[in-house]
Structure formats: structure tokens, C-alpha cells
Amino acid sequence: MKALVYHGPGKKEWEEVPDPQIQDPTDVIVRVDTTTICGTDLHILSGDVPAVTEGRILGHEAVGVVTEIGSAVTGFKSGDRVLVPAVTKCGRCDYCQAQMPSHCQTVGGIGWIFGHLIDGTQAEFVRVPFADTSLYLVPDGVTNDQAIFLADSLPTGYEVGVLAGGVRPGSTVAVVGSGAVGLSAILTTSLWGASRTIAIDSNKFRLEKAYEFGATDVVEVGPNTVADVLALTDGLGVDVAIEAVGYPETLLTAASLVRPGGTIANVGVHGTPVELPMQDMWIQNLTMTMGLVDTVSIPTLLKMVASGRLPAEKMGTHHFTFDQIDEAYDVFSHAADNQALKVVISPS
């Protein structure tokens, strides 16, 4: 088969590799019909994730069809159309039992293993461990272009942003960063009845998209960002500020937008230390959350997509074939220049 193989920082190749094989009785093999690229893949190519070794097949999101099952698999059969999520879970360890499979002990203490600790989904076929507890059947009414974004970005924005931030009916919410994950948070604030959702970004295209995803207001980044948000909230600030970028300045911006008693939900992946003004924050009774997605919300989100409540397909702005995967990476790595949110990659 062909797959996108990592060959060290800045090096990748769409090349012939051996087909994956069943290794454990709980495995299945999935033919990949749709995949995408995540910002984490770009971090890997930048050399920021040393656990990813040369020769690893990249990618951790897919929709496809089961072609082979291990002897212990009971919940799936050949021919099933399935969603392969970013997080793999055994379902039995302490963390899985606590609904925190992002730290599944059985798969190595981190649920994100595809394209990280084992070969990933940017390939024609992928081996999926612990299939019964990790895969999800895709309902007939949900397209591949909808389902693919439930593998990572949509549950990330929802779980680490909206749920962890404690969005409730009537909440005012600011989302700092309107990329794929930020837009996912904006889209799902409606599920909890937020009264006002303010999108903040420096990119006009993303701010226009934010309205389509349900933002009630947008604020372009500038010297008056904080003042503009305060003006929209009667000078009080928001109940929940969701940080979806991963830079020190964006986290500090999010912290400056929250009213006393509010919550800062950090979703962005930070690569450098951040110094927070704790001398000012402690007295405001603030809560700050952060974490890795668990993808436990996928069944709920699948129902919402199937019912038409969540138009997940809006996330995909560019489509490519497997043979165009280098072009897909180029577009996604320069997303602002190309007015790209997420790319959809399929065999043809």
C-alpha cells in the first residue's frame, strides 16, 4: 500500500510500505476512505514531537471500511463504515473507566497513538488496536466529509473548550482563535445555550467563517481587543474564555477577558512557558482548565450531526486525493494565505 511516511524533521514521503497486519486479537484493519491533516502533524514535521521516530506513518484521523477483524472483535464486521478517532482506548484501565482515555494506560499512558507511537491514518489502510472500544459506526445519514471532523477537532473544541469551560444556558463566551478547533468550540456553544459567542482572530476570513459557525459577534485582534470585548459584555467580561491557539499572548488575552468567577479553558497546544499574572488573577475567583481531548463525546456529536444540528462538513474547505497529499500539506501549513480551515483527503 501507499502511505505518508515521516523521515525526520521537515521530511515526509508518499511511498510504498507493507500492508498492515492483524497483530492482536482485538485489532481490525480499516481501508481509509477519508483522512485529514491536524496541526499536530505540522508540529511533528517541525521536530517538536521526539516520540515520533523516522519511518512512522503520519495521521490520526480517518473514516473508512473494516476489511479484516481479529479473533476477539465482536462489535464490528468486515464492510462496516467506521470512524477512527484520534484517541485509542482499552476501555478497562483506571483512566478509561474514569472517562479519561486520553491517558489510557494499556496503550502506553497516552491515548493518542496513531501517527505518534504506532503507524497512522494517512495511508490506504490502517491497523486499529482495541477496535471494540475505540471505533464508532458511522450512521448511514452521515457523510465521510462530516464524520472525519469528529475524529479530533470537533470533540476537542467541545470537550476541552465548551464542556471543560462550563458553558451553560445564558453564558457569554469568547473564543480566542478561529481556526478549526476554535470554530468547533463556537459551533458547539449552541448546544449549551450560550447567549453570546464572540470570535477573536487576526484573520478576516476566519472571522467571516465564525459567523457561519454561530458566533454572535467577531473582534479583530488589535490594540483594542480587550476593550471591544468588554464593550460587548456591559464592561464585565465573559463567563468563559476559550483559548484555541497555543501562544503565550493568546492565553494572556483570554485571561484578560474573563469576569470574576469565570473560567479560562485552554485548548491550544503550548510549546513554550507562559507567565500568568497570578497577582491579579487569584482575587478574581477564576478557574482555569486544560487538557487533551478524550473523544468520549463522539456518540453525542454523531447524533447531532446526523440530525442536522451540527453542520460539521463546513469545516472542510479544500479537497485532495492521496496522490496530492503534498499539496494538501502545503495548503494546510499556509492556511491563512489559502483561506483554509481543514483539508479533506481521499483516494480519488
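Parameters at a glance
Residues numbered from 1 in each chain as written. Predicted model: local features only at pLDDT ≥ 70, side-chain atom pairs only at ≥ 80, totals over all residues. Heavy atoms only, no water. Helix = DSSP H or I, 4+ residues; strand = E, 2+ residues; numbered from the N terminus. Rg over C-alpha atoms; globule rule 2.2 N^0.38 Å. Buried < 20%, exposed > 50% of the residue type's maximum accessible area, 1.4 Å probe, protein only. Pairing = 2+ DSSP bridges. Axes fitted to C-alpha atoms, helices over the stretch in contact; angles between N-to-C directions. Contact = heavy atoms within 4.5 Å. Salt bridge = Lys/Arg side-chain N within 4 Å of Asp/Glu carboxyl O. Core = buried A, V, L, I, M, F, W, Y, C linked by side-chain atoms within 4.5 Å. Disulfide = S-S within 2.5 Å. Arc of directions from axis to C-beta. Phe/Tyr/Trp six-rings, centres within 6.5 Å; stacked < 30°, edge-to-face > 60°. Lys NZ or Arg CZ within 6 Å of the ring centre and 35° of its normal.

1. Here's the deal with the overall build of the chain
Thought 1: Helix and strand counts for the chain stand at 13 helices and 15 strands.
Thought 2: Since a compact globule built from 348 residues should have a radius of gyration of about 20 Å, the 20 Å found for the chain is in line with a globular shape.
Thought 3: Taken over the C-alpha atoms alone, the chain extends approximately 60 × 40 × 40 Å along its principal axes.
Thought 4: Taking all 348 residues of the chain together, the buried fraction comes to 53%.

2. Topic: the sheet that holds strand β10 (residues 217-220)
Thought 1: Taken together, the six strands give an open sheet; going across it, the order is β10-β9-β8-β11-β12-β13, and neighbouring strands pair in parallel fashion. Two strands close off the open sheet at either side, each with one partner strand: β10 and β13 (287-290). Strand-to-strand twist of the sheet, defined as the mean angle between neighbouring strand axes without regard to direction, takes the value 20°.
Thought 2: Inspection of the sheet shows strand β12 (residues 258-266) paired to β13 by four bridges, in the parallel sense.

3. With respect to the environment of Ile298
Thought 1: Counting through the fold element by element, Ile298 comes out in helix α11 (residues 298-306).
Thought 2: Judged by its relative accessible area of 0%, Ile298 falls in the buried class.
Thought 3: C-alpha separation for the pair Ile298 and Gly246, spaced 52 residues apart in sequence, amounts to 24 Å.
Thought 4: Apart from the residues lying within four places of it in its own chain, the contact partners of Ile298 are Leu83, Pro85, Tyr136, Leu150 and Pro155.

4. Remarks on the pattern of salt bridges
Thought 1: Using the criterion set out here, one finds 10 salt bridges in the structure.
Thought 2: Here Asp80 makes a salt bridge to Lys77, at a shortest N to O gap of 3.0 Å.
Thought 3: Lys77 gets classed as exposed once you look at its relative accessible area, which sits at 52%.
Thought 4: For Asp239, the salt bridge is made with Arg259, and the minimal N-O distance between the two is 3.6 Å.

5. Concerning the nonpolar core
Thought 1: Formed by 44 residues in total, the largest nonpolar core has its most connected members in Leu83, Leu150, Leu154, Ile186, Phe213, Ile242 and Leu310.
Thought 2: Listed by contribution, the elements that provide at least two residues to this core are α5 (153-163), β8 (172-176), α6 (180-189), α7 (204-212), β11 (238-243) and α11.
Thought 3: Setting aside residues no more than four positions away along its own chain, Leu150 makes contact with Leu83, Pro155, Ile298, Leu301, Leu302, Val305 and Ala312.

6. Here's the deal with the pairing of strand β2 (residues 12-16)
Side chains on a regular strand alternate between the two faces of the sheet.
Thought 1: Looking at chain direction, strand β1 (residues 2-6) and β2 are connected through five bridges and run antiparallel. Across the sheet, the residue bridging to Val5 is Glu13, located in β2.
Thought 2: Where β1 folds back onto β2 in an antiparallel hairpin, the turn is made up of five residues, including Gly8, whose phi is positive at roughly 105°.

7. Observations concerning the environment of Leu252
Thought 1: Within the secondary structure, Leu252 sits in helix α9 (residues 248-256).
Thought 2: For Leu252, a relative accessible area of 34% puts it in the partly exposed group.
Thought 3: Residues Leu252 and Ser348 lie 96 residues apart in sequence; the distance between their C-alpha atoms is 44 Å.
Thought 4: If near-sequence neighbours (up to four positions away) are discounted, Leu252 is found in contact with Glu275, Leu276 and Pro277.

8. Remarks on the state of the cysteines
Thought 1: Per the counting criterion, the structure on display carries zero disulfides.
Thought 2: Between Cys104, a cysteine without a disulfide, and Cys90, which holds the nearest cysteine sulfur, the sulfur-to-sulfur distance is 3.7 Å.
Thought 3: Judged by its relative accessible area of 0%, Cys104 is buried.

9. Things to note about α11
Thought 1: Of the residues making up α11, those classed as buried are Ile298, Leu301, Leu302, Met304 and Val305. Projected onto a plane normal to the axis of α11, the buried residues spread over an arc of 165° and lie on a single side.
Thought 2: Gly308, located one to two residues past α11, shows a positive phi value of around 90°.

10. Some words on the packing of aromatic side chains
Thought 1: Using the criterion set out here, one finds one aromatic pair in the structure.
Thought 2: Here the guanidinium or amino end of Lys12 rests over the ring plane of Tyr329, the centre of that ring lying 5.1 Å away.
Thought 3: For the cation-ring pair, Arg168 lies above Trp192, with the distance from its terminal atom to the ring centre recorded as 4.7 Å.

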